[in-house]
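Residue-level structure breakdown
Here is how the chains run, residue by residue.
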Amino acid sequence: MATTAPDQRVYIDKQHPQAFRAMRSTAETVREAAAAAGLDRRLVELINLRVSQLNGCAYCLDVHTKASLQAGESVQRLGVLSAWRDTALFDERERAALALAEATTHPSDAAAQEAAYAQARTVFGDEQISAVIWVAITINAFNRVSVLSKHPVRPARTTATG
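The notes below deal with the structure included here. From a predicted model like this one, the values you see are computed outputs, not experimental measurements.

1. A word on a nonpolar patch on the surface
A contiguous nonpolar surface patch, about 220 Å² in accessible area, is contributed by Tyr59, Val63 and Val153. As for its placement among the helices and strands, valine 63 is situated in helix H4 (residues 58-70). Judged by its relative accessible area of 35%, valine 63 falls in the partly exposed class.

2. Comments concerning helix H8 (residues 126-149)
Between its first and last C-alpha atoms H8 spans 35 Å; for 24 residues at 1.5 Å apiece the expected length is 34 Å, and the two agree. Downstream of H8 by a residue or two, lysine 150 has a phi angle that is positive, lying close to 55°.

3. Topic: the side chain of serine 149
Among the structural elements, serine 149 can be located in helix H8. From its side chain, serine 149 meets the backbone nitrogen of isoleucine 12 in a polar contact 3.1 Å long. At 2.8 Å, the side chain of serine 149 forms a polar contact with the backbone oxygen of valine 145. Apart from the residues lying within four places of it in its own chain, the contact partners of serine 149 are Arg9, Val10, Tyr11, Ile12 and Asp13.

Calculation criteria
- Residues numbered from 1 in each chain as written.
- Predicted model: local features only at pLDDT ≥ 70, side-chain atom pairs only at ≥ 80, totals over all residues.
- Heavy atoms only, no water.
- Patch = residues over 30% accessible without salt bridge, like charges linked within 9 Å, V, L, I, M, F, W, Y side chains within 5 Å.
- Areas by Shrake-Rupley, 256 points an atom, 1.4 Å probe, with all protein chains shown as cover.
- Salt bridge = Lys/Arg side-chain N within 4 Å of Asp/Glu carboxyl O.
- Helix = DSSP H or I, 4+ residues; strand = E, 2+ residues; numbered from the N terminus.
- Buried < 20%, exposed > 50% of the residue type's maximum accessible area, 1.4 Å probe, protein only.
- Expected span 1.5 Å × (residues − 1).
- Polar contact = N/O pair within 3.5 Å; in protein donor to acceptor, adjacent residues only side chain to side chain.
- Contact = heavy atoms within 4.5 Å.

This is how it looks when you write it as structure tokens:
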């Protein structure tokens with residue numbers, strides 16, 4: 001029996017908090033693995049943002065834009081991230097990570113997946129490739145939770161300056 005109006009979404013993270021806590025724990029483990037593999041926080045956040053762009057997850061885009069800025073990412077690079085292939089603002093490692101994250105998000109494109117993996121092999125070792133893929137898998141899962149729950153993006157609080 002439905003407990004909400006037909007047009008109202010269930011916040012699945014609230015409906016099954018133990019499952020969501022397990023996801024958060026996985027995300028923390030993945031963050032630690034990425035750091036141990038030598039992936040800096042800025043790169044991890046670029047992956048989070050690019051995957052969230054591909055999945056159309058407004059909530060995660062909001063969260064990870066803030067996290068990227070806190071990690072020292074530039075507004076310019078964030079502004080052109082969706083067109084990363086068309087700019088020289090991203091280095092070889094970032095390009096390889098972004099391509100692998102996109103291939104992880106769209107695994108049915110076998111040709112893109114093989115090309116991304118080959119590119120990643122030129123700049124990353126096994127531990128780093130694994131970490132990039134785990135970061136992409138994890139944010140993909142969070143994107144699904146937020147998109148299907150329709151988590152709202154609330155306006156930023158501004159402080160009055162006078």
